[in-house]
Every structure is written in structure tokens, then in C-alpha cells.
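What the coordinates show
Chain by chain, the residues run as shown.
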Amino acid sequence: MPEFTHTGDEKKEFVRKMFDDISPSYDFLNHFLSLGIDIYWRKKFIKKIEIQDGNTILDVACGTGDVGFQILTKHSVSITGIDLSPKMVELAQGKARGKKLDNITFIEGDAENLPLDDNSVDCLTISYGFRNISNYETALSEFYRVLKPGGKLGILEFSKPKSKIIDIIFHLYFHHILPRIASFFSRSDAYRYLPESVDFFPSRHDICRKIIYSGFKRAEIHDLTFGISTVFIGFKDEK
Ligand SMILES: C[S@@+](CC[C@H](N)C(=O)[O-])C[C@H]1O[C@@H](n2cnc3c(N)ncnc32)[C@H](O)[C@@H]1O
């Protein structure tokens, strides 16, 4: 029996409030609970999507902004980060001010109703945010709408590891160890929601199917670290 709701408006409100509440410890817990591997996964993700200098990038579900900041260490681009949680956006804005960056902007908004024109961005990234969206199909059609012809969608998400043994170890850590450690630092249900939301997330092939059904001409899957995380890339047609 699931503890949380994994679709609809109830999920959206729960997710917004949860990320507001956990925002002060979000960065620390991410790096601590993953032993820093989350940083490696974001770097790999950015490399896989092959961003070009001069691109306009939209980082959806940007959280505290780390994907955008990482992109700017390698590329000369302009980035907008958008997130549902006002507190996560505030933290991202504070980090941008601290780094004195003026080519990255953070705004509050919903992936399912993006405040952007059609065909306006070269690349749309979403890292560990897609799973948290209430309606995947609505978000994907928004992603398709705002991408320019020839634009790229990059999704980084947790997956089910392909090796049985890694799956057992990962399940044990994710369901039993991580929530107990996290409860000392943060809202405890957030770190029970995390493994449950990964269990409820569609398979790699279902995600690819959804990307294609949203209009993208092609989708790729790249597994990272035994398939614990996966990068999906959707390509919008040039025409
Ligand atoms: C796990 S965090 C990921 C943050 C960041 N991208 C990273 O890699 O650390 C998930 C983020 O998704 C945001 N989010 C969830 N649903 C959203 C939606 N419908 N629209 C925009 N952001 C959303 C949450 O507020 C949260 O900041």
C-alpha cells in the first residue's frame, strides 16, 4: 500500500510544500547521502546532452540551481532555471548572486505550464525533477512546445538497476538506511517519499515511449552507474 500520492494536484501541492520544507538541508543531504555521486551524475548528464556555446537553456525543476551552475563552468550559454518551490528558487538565486553570475536567472513556475514562448529554447534539462511531476504527458508536451526545432530534451532520473545484486543493495540502502539517516537532518517523510517515488516511476522504455508520443522524433537511453541513474535524451525534429 503506497504511503504517498503519485499523480494529480494532491501530489503537486505535497511536492511543493515538501521541497520548501527540506530546502535548507537539500544540498548537504544530496551530497552526503549519495557520497558525492550526485555531482558526478549531473556532470555526466551535462556531457551527454552536448550543449553548444551560445545555446539558450531552460533547466526545469532546477532546485537550488546546481545543473545550471555546472553547465556554466563549461559553456557560454544563457540559462533560465524554473522550479515549483519558492524556497528552492530563493536558494538558487542566492547562490547565483554569491557566484556573481548574470547569465543565469531563476524563476518560480510549473513544468506543466511553462511561462515561455513556443520554439524558444535550444536545450531543456531536468535533473531528478521529472519523477516529481504530477502529469508526465502534460510536462512533456510543454517541453516539446518550448524547444526550438532541432532542440534537445535531457532528463536525468533514478532508475531500477539492471543487476539483481545491485538492485537488492540499492533497495536496502534507499528504503531502509537513507530515510533513517535523513530523518536526523530533515523532514522525515521526504526521504520515505523519495524511494517510493522511484518505485512508482515508469520503466526506461515507458519514459522513452512517452517522449516519442509527445512529438520528439527520437529518444536515447544512457544508463549511469549500474543503471541507478539514467539519462534520457529527446530530439525535436529540425523542421
Ligand atoms: C529532487 S529536486 C531536483 C533539483 C535539481 N534539479 C537537482 O538536480 O538537484 C526536484 C525539484 O523538482 C521541483 N518540481 C517538482 N515538481 C515540479 C513542477 N511541476 N514544476 C517545476 N518544478 C517542480 C521541486 O520543487 C524540486 O526542487
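For the structure, see preceding data.
Here goes a summary of the coordinates provided. (Residues numbered from 1 in each chain as written. Predicted model: local features only at pLDDT ≥ 70, side-chain atom pairs only at ≥ 80, totals over all residues. Heavy atoms only, no water.)

1. Remarks on the packing of helix α2 (residues 37-48) against helix α3 (residues 66-74)
α3 packs onto α2 with a crossing angle of 60° between their chain directions and a minimal axis gap of 10 Å. By the angle class used here, α2 and α3 are oblique. Crossing of α2 against α3: the hand is right-handed. Residues Arg-42, Lys-43 and Ile-46 of α2 pack against Asp-66, Val-67, Gln-70 and Ile-71 of α3. Along the lines of polarity and charge, the residues of the contact of α2 with α3 split into three nonpolar, one polar and three charged. (Axes fitted to C-alpha atoms, helices over the stretch in contact; angles between N-to-C directions. Helix = DSSP H or I, 4+ residues; strand = E, 2+ residues; numbered from the N terminus. Parallel < 35°, antiparallel > 145°, perpendicular 65-115°, else oblique. Left-handed = near helix turned anticlockwise from the far one by under 90°. Contact = heavy atoms within 4.5 Å. Nonpolar A, V, L, I, M, F, W, Y, C, P; charged D, E, K, R; others polar.)

2. Some thoughts on a positive patch on the surface
There is a patch of like positive charges on the surface, built from Lys-43, Lys-44, Lys-47, Lys-48 and Lys-74. The element that contributes the greatest number of residues to the positive patch is α2, accounting for four residues. Topologically, Lys-47 is positioned in helix α2. (Patch = residues over 30% accessible without salt bridge, like charges linked within 9 Å, V, L, I, M, F, W, Y side chains within 5 Å. Areas by Shrake-Rupley, 256 points an atom, 1.4 Å probe, with all protein chains shown as cover. Salt bridge = Lys/Arg side-chain N within 4 Å of Asp/Glu carboxyl O. Lys, Arg positive; Asp, Glu negative; His and termini not counted. Charge placed at Lys NZ, Arg CZ, Asp CG, Glu CD.)

3. Digging into the site of the ligand
The full set close to the ligand counts 20 residues, and Tyr-26, Ala-61, Asp-83, Ala-111 and Ser-127 are the nearest of them. In the environment of the ligand, an oxygen atom lies 2.9 Å from a nitrogen or oxygen atom belonging to the side chain of Arg-42. In this structure, Ala-111 approaches the ligand through a main-chain N or O atom, which is 2.8 Å from a nitrogen atom. Considered on its own, the ligand offers 600 Å² of accessible surface; in the complex 97% of this is hidden by protein. Take the shell around the ligand: its biggest share by element is four residues, from helix α1 (residues 8-33). Looking at the shell around the ligand residue by residue, the classes come out as ten nonpolar, seven polar and three charged. (Near = heavy atom within 4 Å. Polar contact = N/O pair within 3.5 Å; in protein donor to acceptor, adjacent residues only side chain to side chain.)

4. A word on the packing of aromatic side chains
Going through the model one piece at a time under the given rule, you end up with 18 aromatic pairs. Summarising the aromatic geometry, the rings of Trp-41 and Tyr-128 are spaced 6.4 Å apart at their centres and angled 50° between planes, so their arrangement reads as tilted. Residue Trp-41 is located in helix α2, and its partner Tyr-128 is located in the loop between β4 (121-127) and α5 (136-146); the two are separated by 87 residues in the primary sequence. Note on Tyr-128: relative accessible area 9%, which makes it buried. Note on Phe-158 and Phe-174: the rings are 5.3 Å apart at their centroids and 65° apart in plane angle, and the pair reads as edge-to-face. Of this pair, Phe-158 sits in strand β5 (residues 147-158) while Phe-174 is found in helix α6 (residues 164-182), placing the two residues 16 residues apart along the sequence. Looking at Phe-174, the relative accessible area reads 5%, which means it is buried. Counting every residue linked through ring pairs, the aromatic cluster contains Trp-41, Tyr-128, Phe-158, Phe-170 and Phe-174. (Phe/Tyr/Trp six-rings, centres within 6.5 Å; stacked < 30°, edge-to-face > 60°. Buried < 20%, exposed > 50% of the residue type's maximum accessible area, 1.4 Å probe, protein only.)

5. Quick look at the sheet that holds strand β3 (residues 104-108)
Strand order in this open sheet of seven strands is β3-β2-β1-β4-β5-β7-β6, and the pairing throughout is mixed. The open sheet has two free edges, formed respectively by β3 and β6 (218-224), since each of these has just one partner strand. Pairs of neighbouring strands in the sheet enclose a mean axial angle of 15°, with direction left out of account. In this sheet, β3 lies alongside strand β2 (residues 78-83) in parallel orientation, the contact comprising five bridges. Counted as the bridge partner of Ile-79 is Ile-104 from β3. Contacts between helix α4 (residues 86-98) and the sheet are confined to β2 and β3, with β3 contributing the most and set at about 165° to the helix. (Pairing = 2+ DSSP bridges.)

6. So, the side chain of Asp-189
Tracing the backbone through its elements, the reader meets Asp-189 in the loop between α6 and α7 (190-200). A relative accessible area of 17% means that Asp-189 is categorised as buried. Residue contacts for Asp-189: discarding those within four places in its chain leaves Phe-4 and Phe-14.

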